[in-house]
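A structural walkthrough
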Amino acid sequence: MKPKDKERLINLIVEIVVIACSFLIIIPLLVMIFGSFKTPAEALKFNALPPTTWEFANYSFVIVTGKILLSMVNSIIVTLGVLIACVGSAALGGFILARVESKWSKFLQSYFLAGMVAPLQIITTFAMLKMLNLIGTHFAVIMVMAAVQLPWAIFMFINFIKGIPRELDEAAFIDGASTLRLFVSVILPTLKPIFATTTVMTAMFAWNEFMIPIYFFNNSKNWTMPLTVYNFFGQYFSNWNYVFADLVLTALPITLLYLFSQKFIVAGLTAGSVKG
């Protein structure tokens with residue numbers, strides 16, 4: 001067999017394997033999407049076939065009964081808060097840690113590295129927030145989520161900024177720029193790919209997070225979108241059409257964000273892995 005023919009055969013086999021693996025994702029998605037338009041009896045069959053009759057009333061029932069709009073507002077508040085606290089801090093912290101070479105800088109990098117592998121201590125965190133009278137507030141959930149995601153975001157910025165030539169810093173300092181002005185005017189415009197990556201990934205984490213809100217929100221009025229799925233499954237476990245409709249509404253906003261930002265995510269991850 002010629003080398004070109006062998007390469008084509010290998011590529012064909014890889015394509016077939018990838019297509020087969022894609023069905024592991026596509027079929028459950030079709031079960032969920034089509035199931036959200038089915039009757040309870042049809043939804044219980046858990047097949048990927050279209051419904052015989054399209055029950056659009058499933059969505060109106062979920063929106064009204066499940067108070068989805070209130071939960072969506074809560075999710076937006078939490079997600080935006082986590083983005084501001086996490087991505088903003090990671091950009092500034094990553095810049096300092098990437099540019100300052102000292103024992104403290106190396107210690108902090110090791111400290112944040114430990115934060116990437118250390119699990120969240122629910123009991124001690126709960127006790128601290130209770131002592132500060134913050135249990136049940138959006139602020140508490142935002143700060144805990146931001147703290148969980150911050151180590152990863154900082155390392156993304158550190159790796160990216162290390163690839164930016166230091167000559168830009170020296171030229172800015174010669175022109176009389178302060179450190180803050182250097183970051184805002186010179187470094188920040190070059191961080192668009194990594195900003196897009198960390199923003200989308202952090203938003204996906206904050207929007208989809210389930211455990212932190214359920215532990216630290218003591219009032220269902222503050223529940224985020226994933227918790228409505230938990231609530232619907234508990235109340236309507238025999239009505240999978242409602243559960244599927246709630247799952248679609250929960251996943252749709254963040255899925256659209258990911259699809260529109262996919263090229264920025266790939267660019268940021270590639271740049272962050274090559275630079276530094």
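The structure we're discussing is the one just above.
Just so it is clear, the model here is predicted, and its values are computed rather than measured.

1. Re the environment of L120
As for its placement among the helices and strands, L120 is situated in the loop between α5 (103-117) and α6 (122-131). In the structure, L120 is positioned 81 residues away from T39 in sequence and 41 Å away in space, judged by C-alpha atoms. Once you skip the residues sitting within four places of it in the chain, L120 turns out to touch T125, V144, V148 and I212.

2. Some points on unusual backbone geometry
Glycine aside, residues mostly have negative phi, and peptide bonds are mostly found in the trans state. The backbone of F46 shows a phi angle near 50 degrees, a positive value even though the residue is not glycine. Along the chain, F46 turns up in the loop between α2 (40-43) and α3 (57-65). We note that N133 has phi near 60 degrees; this positive angle belongs to a residue other than glycine. Topologically, N133 is positioned in the loop between α6 and α7 (138-161).

3. As for the packing of helix α4 (residues 68-99) against helix α12 (residues 225-235)
At a minimum axis distance of 8 Å, the contact between α4 and α12 shows a crossing angle of 145 degrees. Between α4 and α12, the contacting residues are I68, S71, M72 and S75 on the first element and M225, P226 and T228 on the second. Its residues assigned to classes, the contact of α4 with α12 comprises four nonpolar, three polar and no charged.

4. Concerning the packing of aromatic side chains
Under the defined criterion, the tally for this structure stands at 17 aromatic pairs. Relative to F183, the ring of F95 has its centre 5.2 Å away and its plane inclined at 45 degrees; by these criteria the two rings are tilted. With F95 in helix α4 and F183 in helix α9 (residues 179-187), this residue pair connects regions lying 88 residues apart in the sequence. When its relative accessible area of 5% is taken as the criterion, F95 is described as buried. Centre to centre, the rings of F157 and F195 are 5.2 Å apart; their planes meet at 75 degrees, and the pair counts as edge-to-face. Placement of the pair is F157 in helix α7 and F195 in helix α10 (residues 192-208), with a sequence separation of 38 residues.

5. Description of α9
Within the span of α9, buried status applies to L182, F183 and I187. The arc that holds the buried residues of α9, viewed along the axis, is 95 degrees, so those residues lie on one side. The exposed set on the far side of α9, more than 90 degrees from its buried face, consists of L180 and R181. Tucked into the core, α9 has its buried residues touching α4 and α8 (167-174).

6. Looking at the environment of I161
With respect to the helices and strands, the residue I161 is situated in helix α7. Under the relative-accessibility criterion, I161 is labelled buried at 0%.

7. Notes on the side chain of T202
Mapped onto the fold, T202 is located in helix α10. A distance of 2.6 Å separates the side chain of T202 from the backbone oxygen of T198, its partner in a polar contact. Contacts of T202, omitting those with residues within four sequence positions, involve V82, L83, C86, V87, Q149 and W152.

8. Here we look at the layout of surface pockets
Roughly 360 Å³ of internal volume is contained in the largest pocket. Taken together, 14 residues line the largest pocket, and the ones lying closest to its centre are G115, A118, A147, V148 and P151. When residues of the lining of the largest pocket are traced back to their parent elements, those giving at least two are α5 and α7. It is α7 that contributes the most residues to the lining of the largest pocket, six residues altogether. Of the residues that constitute the lining of the largest pocket, the class distribution is 13 nonpolar, one polar and no charged. Approximately 220 Å³ is the volume found for the second largest pocket. Forming the walls of the second largest pocket are T65, G66, K67, L70, S71, N74, S220, K221, W223, T228 and N231. Of all the secondary structure elements, the ones that give two or more residues to the lining of the second largest pocket are α4 and α12. Looking at the lining of the second largest pocket, the element that brings in the most residues is α4, giving three residues.

Reading the values: rules and limits
- Residues numbered from 1 in each chain as written.
- Predicted model: local features only at pLDDT ≥ 70, side-chain atom pairs only at ≥ 80, totals over all residues.
- Heavy atoms only, no water.
- Helix = DSSP H or I, 4+ residues; strand = E, 2+ residues; numbered from the N terminus.
- Contact = heavy atoms within 4.5 Å.
- Axes fitted to C-alpha atoms, helices over the stretch in contact; angles between N-to-C directions.
- Nonpolar A, V, L, I, M, F, W, Y, C, P; charged D, E, K, R; others polar.
- Phe/Tyr/Trp six-rings, centres within 6.5 Å; stacked < 30°, edge-to-face > 60°.
- Buried < 20%, exposed > 50% of the residue type's maximum accessible area, 1.4 Å probe, protein only.
- Arc of directions from axis to C-beta.
- Polar contact = N/O pair within 3.5 Å; in protein donor to acceptor, adjacent residues only side chain to side chain.
- 1 Å grid on protein atoms, 1.4 Å probe; cavity = no way out; pocket = protein on both sides within 12 Å on 5 of 7 lines; lining within 4 Å.
- Points joined across faces, edges and corners; volume = space filled by probe spheres on them.

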